[in-house]
Amino acid sequence: MHGKRPEFQDKAFSVIYVVSGEYKMLNLVAPSREECALWISGLHMLIGQTDISGGDPARLDQSMGAWLRKQWNEADTTGDGKLDLDEVTELMKKLNIRLSKSEVKSAFKNADIGRFGSLTFTAFERFYRGLRFRPEISELFSSLSVARGPVLTFDEFRNFVLNTQRNEWTDERCADVYRKYAAPDGGQMSIDHFSAFLLSSTNSNFKKIHSSVFQDMTRPLTDYYINTSHNTTSWREKALSKAISELCNEGSVVSNVRNKLAPPRVQLPPLMYVAFFQLIVMTVPMAILVGKLLFKDVIEAIAKYAFVASPYPLTLSLESHCGIEQQAVMANVLREHLGELLLRRSLAEHETELPSPEALKNKIIIKGKILAGGAGDDEAEYETEDEDEASLHHAASLTEISPAGTTPSIPRPTSRRMVGSFSEEADQLTQRRYSDEDLALARTRSSPKMARKYMVAKPLSELLVYCKGVHFQTFAHANEKFSFDFMCSLSEKKSLSLLQRHRQEYIKHTSRWLTRIYPAGIRVTSSNYDPAPHWAVGAQMVAMNIQTYDRGMQLNDAIFSLNGRSGYVLKPAALRGLSSQPRHEPVTLKLQVISGQQLPKPKDSTGGTVIDPFVEVEIVGREADAARYRTRAISNNGFNPMWKEEFTFVITDLETALLRFCIFDMDVKLSNDYIGSYVIPLQSLESGTEKLTNSSRVKQSLTSFIPGQDIAMCRSTTGRAT
C-alpha cells in the first residue's frame, strides 16, 4: 500500500499459506484499525493452537495425543467412533503423510487387529505412532540410555551434548535444556522428548556466533563479499513495498534500478512513470512484463526498508535510459526522499581507499557511470560497462529531448536474448504499444555504435561518491588509470576468461577495486551461473538472479548466511592482499547419510507418484576441494527411506568450502527430478546429531532435513587429514 493507498496503511494485512507446495498470499483490508488488530490477534491464536507442544516441549506426549484426537474427531464425520480405510487415507493426506495406497492399506491391516475393517481412536493412535517411528533415532537413543533403559538421565544427556555434539555448554545450560525437554514436574527424557530436542532450534546445526555479526567490519569495502542482486524486478506484479522489503530483509546490498521514459502516447509530467522498475532480473523487454511505477515510489519504499534487516550500507545501481532533464529530476528525487540516508560526499579528505561498512552504516550509496573527461558542465556521453546489457536496451539509449510541449519518442525494445516464438510474441506486444512512426524512428537511431552511447546529467553524476562505474580494458590499464573509488562490471564470460588467463592479476585487482560480475545475456530463463569461481578470485559483487532458486542462488544464500546475514562477508586473507596469511591444515570430513522422512514429491508430479529418492552430497570451494558423491536410490519410498551410506571428503580450505545436500527422485527414462536442497558453509557447521531444515548441521553427527520434511539424517566427523 506504500505510496499508493496510505489510508489503508494501518488496516491491511496479508495471510501467507501453502497449497500443493506453492506459497500463496491473500491480501486483506479491514474496515478499521481495531478490526485489523482483532483479525491479526485471532490468526496468531489459531497459529499458536497448531503448535503440538503448546510451547512446552516437556508436555509433547500429552499435547500430541490431544492434537491427534482433534484431527480424528474432525475426520469422524459420522460420529460413530470409527474410521474406515478411505477415511484413514484422507486423514493421512491432511496430516501430510504421503504414502502410496498399497502402503496405507498394509499399515491399516496391521493396525486393524480385530479385522473389523475400521479403526477406533486407540487403534489409529497406534497406527499413527507406528508410522512416525524412526528406527535411526531409536538406535541412537538406545546407545545413550544405559542406566535406566527407556529414559535418558541428565548425566547421559549432558555426556551426549558435550562429547558427541561437542557443544561448549555449561552444566547450567545443559540442565536448563534437559528440564525444558524432559517430562514435566522433574521427570526424565523419553525417546519422544529426545526426538523433540534433536529436531528443535535448540539443537541448531548453525554456529550461533555466525548468526550475528562476528567479523571485523572496519576493513575497506573491497575486503568483503557483498550480497548482490542483478537488475532486480517486481515479478508477477508484487506490491512494490513488499518486493523491496523482501530484498532488503534478505540482506541484498546492491540492487539495480532501471529507468525509461513512458510509452510515447502517454502525456506525463517530468519523471512521472519513468520506470519499468526491476526487483529481480528481467531477461526480456521490461515494458512487456513489468507495469509502470513511479520512480518516487520506488525510492520511498527503498528508504523505508533499506535498513530493516541490516544497518550496513545499501548500494543502488542506477542504469538510466532517461533524457538529461529527467535525470536531473531523478537526482532531486533521490536527494529529497532519501534525505540523510543518501551518501552525498566522501567521509574524509585525501582518501586512498574505500571506507568500511562500519563507517558507512545506514547510508545509501549510488552506483553509476561517471562523466567522461572533458565533458560539458551539464551532460556527457559515456559507454556502458555492461556490454551484454547494451544490446538489450539499445532501444532506450540516448533518448533525445523533444521540444517543449511534446512527448519524447521511445524506440522499440529489442534483444538478442529473445529467440524463437518468444521473440515473435514480444514483437506483437511491442507493436501494440508503439505506432509505426515511433518504430520507424527507432530503427534510424538504433545503429550498433549508438547502442553503446548514453548521456549522463551532471546533477546525477554528482551523487556518485564511492562506486564510480568505468569500462574495464586490461589489468595494466586499471593499475595505471583507476582511482581507488572506480569500479567495473564484467560479464560472467569475461570474468571466467580473465581468471583462467590472468588469475593472480585478477586477485590483485579485486584487492584494490570493487568488481561486479553479472549474468550473461543468453540466460533467457533468468538462470544463475556458478558464483564460486568468481568468489575465488575476490570479486566482491557477484550478482545473482534472485528470483531463480537454482544451484547458484543456493550457494549465494549459504555464503551470506554468515556474519548475521548482514550482506557483507569478509573475504579470506589471501584475497585481501595481506602480507601475512594463515596456513590451512587439510581436514577430513567423514559423513554418513542415514535416512529421510516424508519427502515431498517433485513439482508437477501426478497424484499417484511414489518417488525413488537419492541424496547427492557436494563440496563447493577450491578446485582441489571440489567433490561430489551420491547415495543409491531407494525404490518407491518417499516416506522413510534409509540409506546409511558413508562418504569422505578432504578439505584444504574450510574458510571457503560449502557443503551442499541435494535430493532427487530417480527417473530412469528422463532426467532426475529435483526435490530439495540445503547448503551450509563448513566453517559454520556445529558438531552432533541435528536437523537440516532451511538451516542445517553437520560435523560430528548430523540429521539433515528440508522445509517441513526431513531430507536426510546424517552423521559426520571431522579431523585433521593424515
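Attention in this report is confined to the structure presented alongside it.

Reading the values: the criteria
- Residues numbered from 1 in each chain as written.
- Predicted model: local features only at pLDDT ≥ 70, side-chain atom pairs only at ≥ 80, totals over all residues.
- Heavy atoms only, no water.
- Helix = DSSP H or I, 4+ residues; strand = E, 2+ residues; numbered from the N terminus.
- Buried < 20%, exposed > 50% of the residue type's maximum accessible area, 1.4 Å probe, protein only.
- Contact = heavy atoms within 4.5 Å.
- Areas by Shrake-Rupley, 256 points an atom, 1.4 Å probe, with all protein chains shown as cover.
- Pairing = 2+ DSSP bridges.
- Salt bridge = Lys/Arg side-chain N within 4 Å of Asp/Glu carboxyl O.
- Axes fitted to C-alpha atoms, helices over the stretch in contact; angles between N-to-C directions.
- Parallel < 35°, antiparallel > 145°, perpendicular 65-115°, else oblique.
- Left-handed = near helix turned anticlockwise from the far one by under 90°.
- Nonpolar A, V, L, I, M, F, W, Y, C, P; charged D, E, K, R; others polar.
- Phe/Tyr/Trp six-rings, centres within 6.5 Å; stacked < 30°, edge-to-face > 60°.

It is worth spelling out the overall build of the protein at this point. Tallying secondary structure elements over the protein gives 22 helices and 23 strands in all. The burial tally for the protein puts 52% of its 722 residues in the buried class. Considering only contacts within the protein whose residues lie at least 6 apart along the sequence, 68% involve residues at least 24 apart. With the model as given, the accessible surface of the protein reaches about 33,500 Å², and the carbon-plus-sulfur share is 51%.

Next up on the list: the pairing of strand β21 (residues 673-681). In terms of burial, β21 is a largely internal element, seven of the nine residues being buried. Note that strand β20 (residues 658-665) and β21 share eight bridges and pair antiparallel. In the strand pairing of β21, Ile-663 is matched with Gly-676.

The next thing to look at is the environment of Phe-560. Take Phe-560: it is sitting in the loop between α22 (551-559) and β15 (568-570). Given a relative accessible area of 4%, Phe-560 falls into the buried group. The spatial distance from the C-alpha of Phe-560 to the C-alpha of Pro-681 is 9.3 Å, given a sequence separation of 121 residues. Those residues within four positions of Phe-560 in sequence are excluded, and the remaining contacts are Tyr-225, Ile-226, Asn-227, Trp-535, Arg-565, Gly-567 and Val-569.

Below, the discussion takes up helix α9 (residues 191-198). Helical geometry note: an α-helix holds 3.6 residues per turn, so side chains three or four residues apart project in the same direction. Across the eight residues that make up α9, a large majority, six, are buried. Looking at α9, one finds that the buried residues are His-193, Phe-194, Ser-195, Ala-196, Phe-197 and Leu-198.

For the coordinates displayed, the defined rule picks out 21 salt bridges. Here Lys-70 and Glu-74 are joined by a salt bridge, their closest N and O atoms 3.0 Å apart. Note that Lys-70 and Glu-74 are positioned in helix α2 (residues 60-75) at a spacing of four residues, about one turn of the helix. Here Glu-74 falls in the partly exposed class, since its relative accessible area comes to 42%.

Before going further, it helps to spend a moment on the environment of Gly-339. In this fold, Gly-339 is placed in the loop between α13 (324-338) and β8 (364-369). Not counting the four nearest positions on each side in its chain, Gly-339 is found in contact with Leu-334 and Arg-344.

Next up on the list: the packing of helix α7 (residues 154-164) against α9. One way to put it is that α7 packs onto α9 with a least axis distance of 13 Å and a crossing angle of 25°. Here α9 runs roughly parallel to α7, going by the angle between their axes. Handedness of the crossing formed by α7 with α9: right-handed. Taken together, the residues of α9 that come into contact with α7 (itself represented by Phe-157, Phe-160 and Val-161) are Phe-194, Phe-197 and Leu-198. The residue makeup of the contact of α7 with α9, split by class, is six nonpolar, no polar and no charged.

What follows is about the packing of aromatic side chains. The tally for this structure, following the rule as stated, stands at 21 aromatic pairs. Measuring from ring centre to ring centre gives 5.7 Å for Phe-141 and Phe-194, while their planes differ by 50°; the resulting arrangement is tilted. Of this pair, Phe-141 sits in helix α6 (residues 135-144) while Phe-194 sits in helix α9; the two residues are 53 residues apart in sequence, bridging distant segments of the chain. Judged on exposure class, the residue Phe-141 and its partner Phe-194 are both buried.

This next bit is on the sheet that holds β20. To summarise the sheet geometry, strands pair through backbone hydrogen bonds and adopt either a parallel or an antiparallel arrangement. Taken together, the four strands give an open sheet; going across it, the order is β18-β17-β20-β21, and neighbouring strands pair in antiparallel fashion. What marks the edges here is a single partner per strand, and that holds for β18 (627-630) and β21. Put simply, the sheet's adjacent strands are angled 15° from each other on average, direction ignored. Sheet analysis places strand β17 (residues 613-620) next to β20, joined by eight bridges and oriented antiparallel. Looking across to β20, one finds that Phe-614 is bridged to Phe-664. Across the sheet, α22 lies against β17, β18, β20 and β21, angled at about 25° from β21, the strand it touches most.

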